[in-house]
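Each chain is listed here by its residues.
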Number of protein chains: 2
Amino acid sequence: MKTADPELMRAINRFHVMDAIRRFGPIARVEICDRTDLSATTVSAITGALLDDGLVITHQLGGIRDAARGRPRVLLDLNPDAAHVVGARIAPDRITIATTNFRADVRASLTLPVRVGRHSVPVAVDLIEDGIRRCVADAGLELSQISGVCVGIPGVVERGAGICRASPLFGERDIPLAAELTQRLDGVVATIDSDVNLVTLAEHWFGQARGLDDFLVVSVELGLGLGILHKGELFRGANGLGPDLGDLLARPPNGNGLVRLASIASEESLLSDARAALAGTEHEHAFRLGRGMEKVLERAKAGDPAIVALLRAAGEALGFAIANLIVLFAPPKVILAGPALAAGDALVAPLRETVAALLPPSLADVADLVVHEWTEDIWARGAAAMTLRDLYGAPWGTTGPAPHR
Amino acid sequence: MKTADPELMRAINRFHVMDAIRRFGPIARVEICDRTDLSATTVSAITGALLDDGLVITHQLGGIRDAARGRPRVLLDLNPDAAHVVGARIAPDRITIATTNFRADVRASLTLPVRVGRHSVPVAVDLIEDGIRRCVADAGLELSQISGVCVGIPGVVERGAGICRASPLFGERDIPLAAELTQRLDGVVATIDSDVNLVTLAEHWFGQARGLDDFLVVSVELGLGLGILHKGELFRGANGLGPDLGDLLARPPNGNGLVRLASIASEESLLSDARAALAGTEHEHAFRLGRGMEKVLERAKAGDPAIVALLRAAGEALGFAIANLIVLFAPPKVILAGPALAAGDALVAPLRETVAALLPPSLADVADLVVHEWTEDIWARGAAAMTLRDLYGAPWGTTGPAPHR
DNA sequence: CAGATTTATTCCGCATCATTTATTTAAGTG
DNA sequence: CACTTAAATAAATGATGCGGAATAAATCTG
């Protein structure tokens, strides 16, 4: 039970101020007053403390001052160098790592083309550790200057406990990855989270859902991911467990039995099904070269009936799941992404049709489905954002009490 | 954006104190300190204000004082007469209304055996208004003494706006029921909510989920309802829209197309399917008398293959939906209720099997499925609780500022 | 039975915090 | 040089929570 005391009060208001600066910065103090409904005195006190602590810098207004009369505003912004964090994302075929500054600008990044699933957990952790150390060095920093690390992993992750409950990458379950990494990184605090959660936060902070307090993110990668932002907070299950869209259930197109959605609509299942469908043709070769997805998209554009049917089935299964999620969450926006969606309509059109057909009239128009392609480093920026979010709310140096002098 | 000021601080702590008294009362101040982590001083100040306002009463410890030495504790409890509220529930075949005191003890209740769906909305509202006025009079109270009214309705309800978006009871959509009722009840504030939400709150306050912060409630009535308690709060969609389990989608047993879950597993669909299956037999008569559900359960116990198959299909469809909900919410408990479940295993066994079969290993043991029969007035108590919850958190007389003397 | 002990509750003084209301300083414009 | 807006600063007010001292009301002890 969280009781209220003056310290909590300050923490809340300081968070509001930092959030305003992050979202609207560079921003003048007056405007922070307007946006937060805090008094000028309070804003001045808080920003003063933030300046003392070096979390915020002033940014003299050099440019356009049209029709402004009195004393010019002093703009405040987050100090990019106030802290640095590392974000990483473990994908089935690569590990992407980025070091960012306090504003989540990428300072250095690297990608290790590793098939993580082929290695044991200790080896994978070795690789992550080495990658992080390298990436920190590339940014011209010492590990001790890093305020936090967040690693995104596909699957079911219990962030609070730092345990990876289940992942397509690892055979084992309940791996205490966060503790393991923290130990290896000389005590730099490492956290883990579901990879979709990272991209969800990234969309919220930097992307298509900026300022939107409710939306869903569906990622069609090798596995299927689901991120939910609900009332401005990442939604997690009862124990802080991230949900796994792939574990949702669907009936296969032939109508017999029930299967995990991941076995119809994930990239992995698409590839194996497509490979089977194209076996013996000239196209099969591409799969061996690891260019399967490109080939699938190419054949879809060419109108190959087997591939089109495959993508249609996947789209319908996803549409089914998304329709149900819309019933539950009524989100104004649903963001879809993943290589399989890049091709345009082969998968997306059946998906949209299915959603439209299945939604009850009362919910017909609430959700806007958009496809958003992600660049490589959005994952890492999300991971950085996840860490920064904690940092912004954390007690920091003298920022707790008011400044004496 | 909610900024923090001393008033908010007080409101938070006052809520904690009231919640402790509600949950554990009669309770001594010292124990409130333990349970809330507030200082003795603060608890004393807050309880003092609550006593002044008459929301709380002292309850001299008369009984067992085994091995207690020092100054005896003074037990505090909610003042049952501090306020009165009315809860109502509109079911397809009846309107149940209860007047309760501040502790949600039912002081008077009545049931109108009305088929609500047969009437127009204005007529239905007439009936509700008359019922509420009657029920208030039965409790020996004036309408002006009622602090709030909450009405539970099946379907999709937007509580904040007081609008019933869609309901099986009414053909119309977007009915501004709350405003209408408030106006008719001489300004007594009326709110509406999904009926399952009421029973979910009732389970949380009084029932099987007391003290549990995450659980699901699934009601199989004429329609299907879903209530979600997540982190101690009722879960609502983006606009405060309650989700409707019946709007979730399932594939029918024959595997063709997709249908609303309500058309497989609701009491309504069960009845009509069973009636069709038993057409021409001696059993058909029962349906005409409105005793269809009893007949269905009787035939199920007798092992009638058509009926057993029907219930199995319903159980499997529900199990499918519940398994998906468990994937999303990972609740430690799922409470099922409704007449159709009363029969024991014909429906519940396939449901449990389906859930067990479909859950991924990582979630296999998280959720405990229980069947809980509800008495008639649990709905009304839930409605009362919904109003009381607002009352507890509301600024109240002099309770806002500290007491002067 | 008077005083010691124990436990619950209240009172007092202190520190923090936000707010309001000036007052002052800064840095411009006209 | 007057005027305007931004911002920092100061002082006063009021609300809050907290820790420690004081008080209250019982039981225990000799």
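Conventions used here
- Residues numbered from 1 in each chain as written.
- Chains lettered and ligands numbered in written order.
- Predicted model: local features only at pLDDT ≥ 70, side-chain atom pairs only at ≥ 80, totals over all residues.
- Heavy atoms only, no water.
- Helix = DSSP H or I, 4+ residues; strand = E, 2+ residues; numbered from the N terminus.
- Rg over C-alpha atoms; globule rule 2.2 N^0.38 Å.
- Buried < 20%, exposed > 50% of the residue type's maximum accessible area, 1.4 Å probe, protein only.
- Contact = heavy atoms within 4.5 Å.
- Areas by Shrake-Rupley, 256 points an atom, 1.4 Å probe, with all protein chains shown as cover.
- Lys, Arg positive; Asp, Glu negative; His and termini not counted.
- Charge placed at Lys NZ, Arg CZ, Asp CG, Glu CD.
- Phe/Tyr/Trp six-rings, centres within 6.5 Å; stacked < 30°, edge-to-face > 60°.
- Lys NZ or Arg CZ within 6 Å of the ring centre and 35° of its normal.
- Buried area = accessible area lost by both parts, 1.4 Å probe.
- Salt bridge = Lys/Arg side-chain N within 4 Å of Asp/Glu carboxyl O.
- Polar contact = N/O pair within 3.5 Å; in protein donor to acceptor, adjacent residues only side chain to side chain.
- Pairing = 2+ DSSP bridges.
- Axes fitted to C-alpha atoms, helices over the stretch in contact; angles between N-to-C directions.
- Parallel < 35°, antiparallel > 145°, perpendicular 65-115°, else oblique.
- Left-handed = near helix turned anticlockwise from the far one by under 90°.
- Nonpolar A, V, L, I, M, F, W, Y, C, P; charged D, E, K, R; others polar.
- Near = heavy atom within 4 Å.
- Domains from an automatic or database assignment.
- Arc of directions from axis to C-beta.

For chain A, the helix and strand inventory stands at 13 helices and 17 strands. For 405 residues, the compact-globule estimate of 2.2 N^0.38 gives 22 Å, and the C-alpha radius of gyration of chain A, at 23 Å, lies within 12% of that figure. Principal axes of the C-alpha set define a box for chain A whose edges measure 80 × 50 × 45 Å. Counting every position in chain A, which comprises 405 residues, the buried fraction comes to 56%. Considering only intrachain contacts with a sequence separation of at least 6, the fraction spanning at least 24 residues in chain A is 62%. As presented, chain A carries roughly 16700 Å² of accessible surface, and 50% of it is formed by carbon and sulfur atoms. When the 40 basic and 49 acidic side-chain charges of chain A are each reduced to a single mean position, those positions are 4 Å apart.

On to the packing of aromatic side chains, then. In the structure shown here, the tally under the stated rule is 11 aromatic pairs over all chains. Each ring, one from Phe235 of chain A and one from Phe235 of chain B, has its centre 5.4 Å from the other, and the planes form 65°; the classification is edge-to-face. Residue Phe235 of chain A is located in the loop between strand S13 (233–234) and strand S14 (249–250), and its partner Phe235 of chain B is located in the loop between strand S13 (233–234) and strand S14 (249–250); the two belong to separate chains. Like Phe235 of chain B, Phe235 of chain A is buried. Between Trp374 of chain B and Trp379 of chain B, the aromatic rings sit 5.3 Å apart at their centres with planes inclined by 85°, giving edge-to-face as the arrangement. Here Trp374 of chain B matches Trp379 of chain B in class, with each residue buried. Taken together, the aromatic side chains of Phe235 and Phe329 of chain A together with Phe235 and Phe329 of chain B make up a single cluster linked through ring pairs. The ring centre of Phe24 of chain B lies 3.7 Å from the NZ or CZ of Arg35 of chain B, which sits over that ring. Across the ring face of Trp379 of chain B, the terminal group of Arg89 of chain B is positioned such that the distance to the ring centre comes to 3.5 Å.

Across the contact, 50 residues belong to chain A and 51 residues belong to chain B. Across the chain A/chain B interface, buried area totals approximately 4500 Å², and carbon plus sulfur atoms make up 69% of it. The interface formed by chain A and chain B holds zero salt bridges in total. There are four residue pairs in polar contact (both at pLDDT 80 or more) connecting chain A and chain B. Among the elements that line the side of chain A that touches chain B, the one with the most residues is helix H11 (residues 305–329) of chain A, at seven residues.

With that settled, the discussion passes to the sheet that holds strand S12 (residues 224–230) of chain B. Residues and elements named next belong to chain B. Spatial strand order, S13-S12-S11-S16-S17: five strands in an open sheet with mixed pairing. Single-partner strands in this sheet number two, and they are S13 and strand S17 (368–371). Alignment of strand S11 (residues 215–220) against S12, held across six bridges, turns out to be antiparallel. Bridge assignment links Phe215 to a residue of S12, and that residue is Leu229.

With that settled, the discussion passes to the packing of helix H4 (residues 121–138) of chain B against helix H5 (residues 177–184) of chain B. Residues and elements named next belong to chain B. Between H4 and H5, whose axes approach to 11 Å, the crossing angle comes to 50°. Here H4 is positioned oblique relative to H5, judged by the angle of their axes. Here H4 and H5 pass one another in a crossing that is right-handed. Residue-level contacts link Pro122, Val125, Asp126, Ile128, Glu129 and Arg133 of H4 to Leu177, Glu180, Leu181 and Arg184 of H5. Class assignment of the residues belonging to the contact of H4 with H5 gives a composition of five nonpolar, no polar and five charged.

A separate point is the protein's contact with DNA strand C. Surveying the vicinity of DNA strand C reveals 28 residues, the closest of which are Thr42 of chain A together with Ser44, Arg69, Gly70 and Arg73 of chain B. Taking all atoms of DNA strand C within 4 Å of the protein, the share assigned to sugar and phosphate is 73%. Here a phosphate oxygen of DNA strand C sits 2.9 Å away from a polar atom, N or O, in the side chain of Asn13 of chain A. Elements represented by at least two residues in the surface near DNA strand C include exactly helix H1 (6–24) and helix H3 (40–52) of chain A together with helix H2 (29–36) and helix H3 (40–53) of chain B. When residues of the surface near DNA strand C are assigned to their parent elements, the largest contribution, four residues, is made by H1 of chain A. Its residues placed into classes, the surface near DNA strand C shows 11 nonpolar, nine polar and eight charged.

Residues and elements named next belong to chain B. One can describe the packing of helix H1 (residues 6–24) onto H3 by two numbers: an axis separation of 10 Å at closest approach and a directional angle of 75°. It follows from the interaxial angle that H1 and H3 lie roughly perpendicular. Within the contact between the two elements, H1 uses Arg10, Asn13, Arg14, Val17, Met18 and Ile21 and H3 uses Ala45, Ile46, Thr47 and Leu50. Per-class residue counts for the contact of H1 with H3 are six nonpolar, two polar and two charged.

Before going further, it helps to spend a moment on the environment of Ile307 of chain A. Residue and element names in this part refer to chain A. Along the chain, the position of Ile307 falls in helix H11. Taking C-alpha positions, Ile307 is 6.4 Å from Ala274, a pair spaced 33 residues apart along the chain. The contact partners of Ile307, leaving out residues within four places of it in the chain, are Ala274, Leu278, Val296, Arg299 and Ala300.

Glancing now at the domain arrangement of chain A. Residues and elements named next belong to chain A. We note that the domain assignment places domain 1 (6–78), domain 2 (83–201 + 379–391) and domain 3 (210–371) within chain A. Centre-to-centre, using C-alpha coordinates, domain 2 lies 26 Å away from domain 3. Of the roughly 1400 Å² buried at the junction of domain 2 and domain 3 (both faces included), carbon and sulfur atoms supply 59%. Looking only at domain 2, the three residues that lose the most surface to domain 3 are Val196, Asn197 and Thr200, adding up to 35% of its buried area. Residue Arg236 pairs with Asp193 through a salt bridge whose shortest N-O separation is 3.1 Å. Between the two partners, domain 2 and domain 3, sit two residue pairs in polar contact (both at pLDDT 80 or more). Contributing elements (two or more residues each) for the side of domain 2 that touches domain 3: strand S8 (156–158), helix H6 (195–205) and helix H13 (378–393). In terms of residue count, the dominant contributor to the side of domain 2 that touches domain 3 is H6 (four residues). In the side of domain 2 that touches domain 3, the residues fall into seven nonpolar, three polar and six charged.

Once that is clear, we can look at the side chain of Lys333 of chain A. Residue placement: Lys333 of chain A occurs in strand S16 (residues 333–337). A polar contact of 3.2 Å, which involves the side chain of Lys333 of chain A, links it to the backbone oxygen of Gln208 of chain A.

With that out of the way, let us pick up the pattern of salt bridges. Residues and elements named next belong to chain B. One pass over the full model with this rule turns up 50 salt bridges over all chains. One salt bridge in this structure joins Asp19 and Arg23, with 3.6 Å as the shortest N-O distance. Note that Asp19 and Arg23 are positioned in helix H1 at a spacing of four residues, about one turn of the helix. The class of Asp19 is buried, set by a relative accessible area of 15%. Across the pair Arg184 and Glu180 runs a salt bridge, and its minimum N-O distance is 2.9 Å. Here Arg184 and its partner Glu180 are both found in helix H5, four residues apart, which amounts to about one turn of the helix. A relative accessible area of 31% means that Glu180 is categorised as partly exposed.

So, about helix H8 (residues 267–277) of chain B. Residues and elements named next belong to chain B. Buried within H8 we find Glu267, Ser269, Leu270 and Ala274. Buried residues of H8 fall within an arc of 160° about the axis and therefore sit on the same side. Exposed and oriented more than 90 degrees from the buried face of H8 are Glu268 and Ala276. In this structure, the buried residues of H8 make contact with S11, helix H7 (262–265), helix H9 (284–288), helix H10 (292–302), helix H11 (305–329) and helix H12 (345–358).

Residue and element names in this part refer to chain A. Within S16, five of the five residues are buried, which leaves it mostly tucked inside the rest of the structure. Residues of S16 alternate between two faces, with Lys333, Ile335 and Ala337 on one and Val334 and Leu336 on the opposite face, all of them buried. Where strand S11 (residues 215–220) and S16 come together, four bridges link them in parallel fashion. Counterpart to Leu216 in the pairing with S16 is Val334.

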